[in-house]
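If you want the building blocks of each chain, they are given just below.
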Amino acid sequence: MKKSVLTRYRVMAYVTAVLLVLLTIGVIGKRVLDLDGFGSFVTVVGVAHGWLYIVYLVFAFDLGTKAKFPLPRLAWVLLAGTIPTAAFFVERRITREITPLVIDDQATKPAAV
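A quick note: this is a predicted structure, and the numbers were derived from the prediction, not measured.

Tell me about the nonpolar core, residues and numbers included.
Of all hydrophobic cores here, the largest spans 20 residues; its most connected members are Tyr9, Tyr56, Leu63, Phe69, Val77, Ile94 and Ile98. Within the residue set of this core, elements represented by two or more residues are helix 1 (3–32), helix 2 (38–66), helix 3 (71–79) and helix 4 (86–98). Counting residues per element, this core draws most heavily on helix 1, which supplies six residues. Setting aside its immediate chain neighbours within four residues, Val77 contacts Tyr9, Tyr56, Ala60, Phe69, Val90 and Ile94.

Could you give an account of unusual backbone geometry, with specific residues and numbers?
The backbone of Lys68 sits at a positive phi, close to 60°, despite the residue not being glycine. Take Lys68: it is sitting in the loop between helix 2 and helix 3. Residue class for Lys68 comes out exposed when judged on its relative accessible area of 70%. The backbone of Thr85 sits at a positive phi, close to 70°, despite the residue not being glycine. Mapped onto the fold, Thr85 is located in the loop between helix 3 and helix 4. The class of Thr85 is partly exposed, set by a relative accessible area of 36%.

Thresholds applied
- Residues numbered from 1 in each chain as written.
- Predicted model: local features only at pLDDT ≥ 70, side-chain atom pairs only at ≥ 80, totals over all residues.
- Heavy atoms only, no water.
- Core = buried A, V, L, I, M, F, W, Y, C linked by side-chain atoms within 4.5 Å.
- Buried < 20%, exposed > 50% of the residue type's maximum accessible area, 1.4 Å probe, protein only.
- Helix = DSSP H or I, 4+ residues; strand = E, 2+ residues; numbered from the N terminus.
- Contact = heavy atoms within 4.5 Å.

The following block contains the structure:
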C-alpha cells in the first residue's frame, strides 16, 4: 500500500475529529449554556464537518479496502468520525498497525534517465 493512502486518511481523520469536537463545544454553548453568537458558529462548523466527513469516508474506505479490513473493523473506522474524539484514537491505532504494510511512494517510481 502506498504511503499517500495512509497520509490522506490520517489528515482527514484529524480534520474530522477537530471539527467534531468544535461542533460539540458549539452545540453545548448554544443549547445548554444558551450563549449568544453560537448559532452561526454551529452552522458553519456543522456544514464543514458534514462535507469533510464525506471526504473522510472516501479516504477511510480506500484505506480499509487496500488494507483488507474485515467488514466490522471497516465499519468502526468509518463511524469514528461521528463520535467526538474517537477518530483520534482509531487513527492512532490504525496507523500503528498499517505502517509496516506501507511502502514509500518514491520507491515505486522509476528512476529518471
